[in-house]
Amino acid sequence: MVENETLEIDIIETALPVKRQRKKKKMADELANDEGNSSDPLVDFRVNVFSLIMDRIVQSLEDRFVQHKQLYKDLSCLDPVNFKTIVEKGLEDEILKGIMKLFPQSRKYQIKLELFSFASNFDVLKLLLNNGENLIDSSCNNCKTCSTCPSCVLKILASNRLYGKAYDNLYELYKVVCTLSVTQVHCERTFSKLKIIKNRLRNSLSAENLESYVLLSIEKELLDNLDGEKIIDRFAETSSELNRLLTCS
């Protein structure tokens, strides 16, 4: 017969522990105060823990967002969600000021014209069909409906070859936007892969081979989709001897 086991539930204490104040010995002709400005543990926690954490959070947010305020403002104009506002109110003079540093000054006015024209025709362009299917892929990871992300805009421009004359500058701009690293996740992931590949047994790897191995490890999803037979056939075409050795049964 199995006996009922009693489960021990740990009770989390909500009250903060009271720290004993350390008293300093007062010597002759010396002014000394006891440690601790407050005997209330809640006040001590608010001053020494909570306030310090909040200061670091605010400073981190300012360093990350306030310094790049103009860049985030420019990126918001390239989001299809804001295309309706652009059509109704137009583009301000300060729009795209941060991103325009990547392009010549002569293309600034042309990019604004292309963006306004594309925003006006976006409702029609996103419904264009390619081989009987909607250009906007419903399996996009950026959003559920996949009709409001910059990657879909780039896909529309590329699939319909609108980068030739109509939106050539806008196409280059969206390529830059879609390759911007918003977070440090990819960078940290690369260093993690580097530590796995270059261990103490592979310490003598050359820089060229190490770069190739890291690239293969990072782009593993693309590597899995490659056809091995096509790679062998293409490698065999580089030499008649390789072609003979690889094709012989």
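Scroll up for the structure.
Because the structure is predicted, anything quoted here is derived from the model rather than measured.

Asker: I'd love a proper account of the packing of aromatic side chains, names of residues and values included.
Answerer: Evaluation of the coordinates by the stated rule reveals four aromatic pairs. With a centroid separation of 5.2 Å and an interplanar angle of 80 degrees, the aromatic rings of Phe83 and Phe122 are classed as edge-to-face. Of this pair, Phe83 sits in helix α3 (residues 83–89) while Phe122 sits in helix α5 (residues 122–125), placing them 39 residues apart in sequence. Across this residue pair, the class does not change: Phe83 and Phe122 are buried. Ring plane angle 50 degrees and centroid distance 5.8 Å describe the contact between Phe118 and Phe122, whose orientation is recorded as tilted. Of the two residues, Phe118 and Phe122, both sit in the buried class. Within the aromatic cluster, the residues linked to one another by ring pairs are Phe83, Phe118, Phe122 and Tyr167.

Asker: I'd like to hear about the side chain of Asn169, residue by residue, with values.
Answerer: Topologically, Asn169 is positioned in helix α7 (residues 168–178). Those residues in contact with Asn169 that sit more than four places away from it in its chain are Arg107, Gln110, Ile111 and Glu114.

Asker: An account of a nonpolar patch on the surface is requested, with residue identities and associated values reported.
Answerer: Together, Leu16, Leu42, Phe45, Val49, Phe50, Ile53, Met54, Ile57, Val58, Leu61, Phe65 and Tyr72 make up a nonpolar patch on the protein surface, roughly 1000 Å² of accessible area in all. Residue position: Val49 is located in helix α1 (residues 41–66). Overall, the relative accessible area of 33% leaves Val49 in the partly exposed class.

Asker: An account of the packing of helix α4 (residues 108–120) against α7 is needed here, citing residue identities and associated values.
Answerer: Closest axis-to-axis distance for the α4/α7 pair is 8 Å, and the angle between their directions is 90 degrees. In terms of their interaxial angle, α4 and α7 are classed as roughly perpendicular. In this structure, α4 contributes Gln110, Ile111, Glu114, Leu115 and Phe118 to the contact, and α7 contributes Asp168, Asn169, Leu170, Leu173 and Tyr174. Along the lines of polarity and charge, the residues of the contact of α4 with α7 split into six nonpolar, two polar and two charged.

Scoring rules and cut-offs
Residues numbered from 1 in each chain as written. Predicted model: local features only at pLDDT ≥ 70, side-chain atom pairs only at ≥ 80, totals over all residues. Heavy atoms only, no water. Phe/Tyr/Trp six-rings, centres within 6.5 Å; stacked < 30°, edge-to-face > 60°. Helix = DSSP H or I, 4+ residues; strand = E, 2+ residues; numbered from the N terminus. Buried < 20%, exposed > 50% of the residue type's maximum accessible area, 1.4 Å probe, protein only. Contact = heavy atoms within 4.5 Å. Patch = residues over 30% accessible without salt bridge, like charges linked within 9 Å, V, L, I, M, F, W, Y side chains within 5 Å. Areas by Shrake-Rupley, 256 points an atom, 1.4 Å probe, with all protein chains shown as cover. Salt bridge = Lys/Arg side-chain N within 4 Å of Asp/Glu carboxyl O. Axes fitted to C-alpha atoms, helices over the stretch in contact; angles between N-to-C directions. Parallel < 35°, antiparallel > 145°, perpendicular 65-115°, else oblique. Nonpolar A, V, L, I, M, F, W, Y, C, P; charged D, E, K, R; others polar.

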